[in-house]
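Residues per chain, in single letters:
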Amino acid sequence: MSKVKILPSLMLLVAVVVFTPAAGQTVTGRITNSDGNPVPFATLFVSELKHGTTANIKGEYQINLKPGNYTLYFQSLGYAPEVRNVDFKGDPVTIDVVLSIQYYEIPEVRVSSTGEDPAYYIMRRAIGLAPYYLNQVKHYTADVYIKGSMVIDKIPRLIKRNLDIENETIKEGEVYLIESVNEIEFIAPDRYSQKVIAQKSTFPEQGGGSDISPLDFVQASFYQPLLVDIAISPLAPNAMSHYNFRYEGSSPQGNYIINKIAVIPKRKSQQVFEGTIYIIEDYWCLHSLELSNNNLAGSIKIKQLYAPVEEEIWMPVTHSFDVSLSIVGVRGGGEYSSAVTYRSVEPNDELERPGELPALYATKDETIKEAEAESKPVTREQAKIEEILNREDLTNRDMVRLSRLMQKEATRTDTTSNQLEIKQTTTYSVDENAGKRDSAYWNSIRPIPLSEEELRSIRSNDSRASLRPSGRKRPGSETDTLDTKRGTSFGRFLSAAAFGKTFRTEERKSDFRFDGFVNPEYLSFNSVDGLTYGTGIRFTARGEKGRTFILTPAAEYAFARERLLWSATSTFRYNRTKQSLLTLSAGRRSDDFNSSAGIGQGMNMILSLFWKENHMRLYESNYLLVRHRNEIVNGLYATLYYSYEDRKMLTNHSDFSIFRRDVDYMPNRPDNYYLPEGDDPQAPYQFSNHLHHEASIELTYTPKQKFYLRNGVKSPAGSNYPTFSVKWEHGLNTMPEGGYKPYNLITGNISDNHSIGALSEYAWKAGAGGFLSNEGATFPDFFHFNSQPVPVMLTNYRNLFMIPGYYTLATPEWFAEAHFRFTTPYLAVKMLPFLSNSLMRENLTLAWLYTPHGSSYTEIGYALSEIFLVGKAGIYTGFRNLRWEGTVIRISLIIN
């Protein structure tokens, strides 16, 4: 899961809203139903101001207006809208409104002769046109107000202790309030700027409530296929695979016919919504929605109301969210409401409106626009769009094709789509007086009345603030200079010595890190070294333009071999625009013969200590290496490498194991067809001590690579094209009979990965290579492949083989290999009811290898990934020359 934000974050970042402060008097009132009960979070929209607000949970609303004539629309889902024309003189006015139930009827014309529910006729058009409405706006400015309250009903004692902030804690049963006023600007396709004008929070400083940002939801839209990178929208191109739809009737509202559609998940899942959406007839755009999602963190209910804020442009003017939280023993809930004002909205004139969509306003200007549109040449895609929309009945295939064509049209109008540099899309600033607004300001500016519980939260917070010593800030603020660390100096020294500590200069130009004496990274066991234990330090210096120098010395002691292992690596990043990197390293280490993809050190230690299975084969390397990497032109990288090694073959020095002590460890000699059984000086490939020199050059190229460039530091950001690489390696090894013999190896590969819809992706890699000369090659110089034959792995490997032994595939000749992986949320097993609600994904894999000795080897596999977010389990079958060789089950725990 790419880059994966999941719905638990949705529970905390809830609710985006927009509001403009305006001088004037207040219109207040209460919105109820015909039974006299309040209508919580009902919407008030002022069409002249393009401003919307919501009532609170008691149905109470307020809005500031200047003198003038206004049309007020009172609405709530499930109720018929009420319209009031008001001649506002400037004096405070109370307008109470009663909303009656909205009845939806199913007209006879909607009854399909095929028996298909009429909802699909509507939804296919809405889904097909979603990319058009997503890209309909070129630029807008708005002011954002957010008001949310949260109450935590239960907090486990351990978590409560961690949330403690001096005398301030998140208390069970207490309501916490957050509200802010922001200025938002959007420039297509994805540039946002946010300026915080005012902000107020009664959350304790570490409670997390102050982290809510309007942009988290301004940037999200149900016209997008995915929300927060995981939840599938009912308007996604693949929505028909995840949802059933039911037509529940239509109702006239002003000049429009509103269709009510029930959204019903095909299976229980955390990745789908359930509820109702309302689609405007003939325009096939959203009018409003009421959807809910149940996930790992609890549930969230979302309500949105759209309004025509500009000709032909319907945008959300109110949002409300009802959150129920239940995770790791924490239970609580929250209510979030909104008010919206768009100061300016500019349509994307480059994006042609499909001709079948009627104009929202029959004005003279619109007639002129229609005439101008008819005079423009019609593109091939536009003609196909019109042809599809003219069909009486759209199939699912037509719907997907329409969606792709609309997306292609939207991309055509995006002038930045062909630019390789991705500009910074979000800017953030805070007014210097944002946190200094007094209660009088908030009382005059606040569009949504506070409940009694929220008012009590503000009074309680103000009371706590008044009790703090004069001049003292809340912990965590910029000017807080208090030492809040607990414990004695000796205790802190012991903690630093055991678990490590980082020391930084005041300007953060450099820092020093001691890794500590109790660090699992420096503790391991294998049959060759026995127990190894050590520690290390890290020094970092930072210069201008992103330059960094890093020095990392480390030392370990191999107790069974009675040998000191050490390393010292320096890394210098000196031209961040070209991603230039110079590395110099020296030391003594026990190295895996398959240094590119052998068994992990942690898994080998577990298998050795508990099952007395030593899978890792090691040799001692006394080495010196230098590596330089630089970008020649965008996407083309050159890596130069040189190393010197004094290689010494090793034997087992430890027979220790917790269990199975009567079993011997396997000899520290790799199992490979080309290696001699013993010390044979006449064998073509030696397994003896020798000196090694190696030089290589590698070129890697990704066409049209996109990138970020910030403060002179360049960061690659992917490409729509595959990545190509080619490498030449030249080595010299001493021979038993004396002198040096060379070898030359050349390899090349091509790889790519792409997202193909909601949470679905595919990746592939193909490579080939061979030794131009191999008379000087020793086993560490063979070309090694990633094979993982143990049942459990602690790393999520890619491009690997699951059945062959660790060293059996290595070759000193030529080879060709290919890997393919397809990942999707629903394929087969996830269709089962008891699994459909999980976040697991299904994977199909194919791996193929050809070598002269091993001939053709193929593996196919099926796996479930993201099991409890950290696990993967699969079944794999291997074939040698199309003959079955074995079937295994493999489990991965994604720990690193």
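Analysis parameters
Residues numbered from 1 in each chain as written. Predicted model: local features only at pLDDT ≥ 70, side-chain atom pairs only at ≥ 80, totals over all residues. Heavy atoms only, no water. Helix = DSSP H or I, 4+ residues; strand = E, 2+ residues; numbered from the N terminus. Buried < 20%, exposed > 50% of the residue type's maximum accessible area, 1.4 Å probe, protein only. Areas by Shrake-Rupley, 256 points an atom, 1.4 Å probe, with all protein chains shown as cover. Polar contact = N/O pair within 3.5 Å; in protein donor to acceptor, adjacent residues only side chain to side chain. Contact = heavy atoms within 4.5 Å. Core = buried A, V, L, I, M, F, W, Y, C linked by side-chain atoms within 4.5 Å. Arc of directions from axis to C-beta. Phe/Tyr/Trp six-rings, centres within 6.5 Å; stacked < 30°, edge-to-face > 60°. Lys NZ or Arg CZ within 6 Å of the ring centre and 35° of its normal. Pairing = 2+ DSSP bridges. Salt bridge = Lys/Arg side-chain N within 4 Å of Asp/Glu carboxyl O. pLDDT = per-residue confidence, 0-100.

Glancing now at the overall build of the protein chain. Helix and strand counts for the protein chain come out as 12 helices and 42 strands. A buried classification covers 48% of the 896 residues belonging to the protein chain. By element, 54% of the accessible surface of the protein chain is carried by carbon and sulfur atoms, the whole surface being about 43600 Å².

This part is about the side chain of His 287. Positionally, His 287 belongs in strand S17 (residues 286–295). A relative accessible area of 7% places His 287 in the buried class. Only 3.0 Å separates the side chain of His 287 from the side chain of Ser 288, close enough to count as a polar contact. Excluding residues within four positions of it along the chain, His 287 makes contact with Gln 75, Gln 253, Ile 258, Tyr 278, Ile 280, Leu 305, Tyr 306 and Trp 314.

Let's shift gears to the nonpolar core. Among the nonpolar cores identified, the biggest contains 67 residues, and Met 123, Phe 245, Ile 261, Ile 277, Ile 279 and Leu 286 are the most heavily contacted of them. The leading source of residues in this core is helix H2 (residues 119–134), at 10 residues. Filtering out sequence-adjacent residues up to four positions away, Met 123 remains in contact with Pro 234, Leu 235, Met 240, Phe 245, Ile 261, Ile 277 and Ile 279. Membership of the second largest hydrophobic core comes to 40 residues, among which are Met 603, Leu 607, Leu 800 and Ala 863.

It is worth spelling out unusual backbone geometry at this point. Positive phi values are uncommon outside glycine, yet Lys 545 reaches one of about 55°. Along the chain, Lys 545 turns up in the loop between strand S25 (530–542) and strand S26 (548–558). Look at Ser 855: it is not a glycine, yet its phi comes out positive at around 55°. Following the sequence through the fold, Ser 855 ends up in strand S40 (residues 855–867). Judged by relative accessible area, Ser 855 falls into the buried class, the value being 17%.

Right, let's talk about helix H6 (residues 380–389) for a bit. One turn of an α-helix holds 3.6 residues; hence residues three or four places apart share an orientation. Within the span of H6, buried status applies to Glu 381, Gln 382, Ile 385, Ile 388 and Leu 389. The arc that holds the buried residues of H6, viewed along the axis, is 125°, so those residues lie on one side.

Considering the arrangement of structural elements, one finds Ala 383 in helix H6. By relative accessible area, Ala 383 is classed as partly exposed at 40%. Note: C-alpha distance between Ala 383 and Pro 354 (29 residues apart in sequence) is 9.3 Å.

On inspection of all chains with the given rule, the structure shows 37 aromatic pairs. Ring plane angle 80° and centroid distance 6.0 Å describe the contact between Tyr 120 and Phe 245, whose orientation is recorded as edge-to-face. One end of the pair, Tyr 120, is in helix H2; the other, Phe 245, is in strand S14 (residues 243–253), and 125 residues separate them in sequence. Comparing Tyr 120 with Phe 245 shows no difference in burial state: the two are buried. An aromatic cluster is built from Phe 593, Tyr 619, Tyr 673, Tyr 674, Tyr 685, Phe 687, Phe 779, Phe 782, Tyr 806 and Tyr 807, whose rings are joined through pairwise contacts. Over the face of the ring belonging to Phe 503 we find Lys 501, whose NZ or CZ atom lies 5.6 Å from the ring centre. Looking at Lys 830, its charged tip hangs above the ring of Tyr 826, at a distance of 4.4 Å from the centre.

Burial analysis of strand S9 (residues 137–154) places 14 of its 18 residues in the buried class, the great majority of the element. Here S9 runs beside strand S20 (residues 330–347); their pairing, made up of 16 bridges, is antiparallel. Following the sheet pairing, Tyr 145 is matched in S20 by Ala 339. Two strands pair when backbone bridges link them, and S9 and strand S10 (residues 175–187) are joined in this way by 13 bridges, in the antiparallel orientation. Paired with His 139 across the strands is Ile 187, a residue of S10.

Moving on, we get to the environment of Gly 748. Mapped onto the elements, Gly 748 comes out in strand S35 (residues 740–755). Sequence separation of Gly 748 and Trp 728 is 20 residues, and the distance between their C-alpha atoms is 9.0 Å. In contact with Gly 748, not counting residues within four places along its chain, are Ser 725, Val 726, Ala 766, Gly 767 and Ala 768.

This part covers the pairing of strand S29 (residues 618–633). Of the pairings in the sheet, the one linking strand S28 (residues 580–592) to S29 comprises 12 bridges and is antiparallel in character. Of the residues in S29, the one forming a bridge with Ser 585 is Leu 625. Bridge count between S29 and strand S30 (residues 636–649): 14 bridges; the pairing is antiparallel. Opposite Arg 629, over in S30, you have Thr 639 as the bridge partner. Connecting S29 to the antiparallel partner S30 that follows it, the hairpin turn spans 2 residues, and Gly 635 within it adopts a positive phi of roughly 90°.

Time to look at the pattern of salt bridges. Counting across every chain of the model gives 25 salt bridges. For Asp 511, the salt bridge identified is with Arg 542, shortest N-O distance 2.7 Å. Here the residue Asp 511 occupies a position in strand S23 (residues 510–514), and Arg 542 occupies one in strand S25, the gap between them amounting to 31 residues. The exposure class of Arg 542 is partly exposed, given its relative accessible area of 37%. Between Glu 631 and Lys 714 there is a salt bridge, with its nearest N and O atoms 2.8 Å apart. You can see Glu 631 sitting in strand S29 and its partner Lys 714 sitting in strand S33 (residues 713–716), a full 83 residues away along the chain. Of the two residues, Glu 631 and Lys 714, both sit in the buried class.

Another point: helix H11 (residues 601–611). Among all positions in H11, only Met 603, Asn 604, Leu 607, Ser 608 and Leu 609 are buried. Residues of H11 that are buried sit in contact with strand S24 (523–526) and strand S37 (792–793). Note on H11: the residue one or two positions beyond its end, Lys 612, has a positive phi of about 55°.

Put simply, the protein chain has an average pLDDT of 84, and 87% of its residues get 70 or more. Confidence drops under a pLDDT of 50 for residues 1–23, and excluding neighbours within four residues, the segment shows 91 contacts in the predicted structure.

Now for the side chain of Asn 668. Looking at the element boundaries, Asn 668 is found in the loop between S30 and strand S31 (690–701). Residue class for Asn 668 comes out buried when judged on its relative accessible area of 7%. Only 3.0 Å separates the side chain of Asn 668 from the backbone oxygen of Leu 650, close enough to count as a polar contact. Residues contacting Asn 668, with those up to four places away along its chain left out, are Val 528, Met 616, Arg 617, Leu 618, Leu 650, Thr 651, Asn 652 and Phe 687.

To continue, consider the environment of Val 46. By secondary structure assignment, the location of Val 46 is in strand S2 (residues 43–46). The buried category is assigned to Val 46, whose relative accessible area is 0%. Apart from residues lying up to four places away in sequence, Val 46 is in contact with His 51, Ile 63, Tyr 70, Thr 71 and Leu 72.

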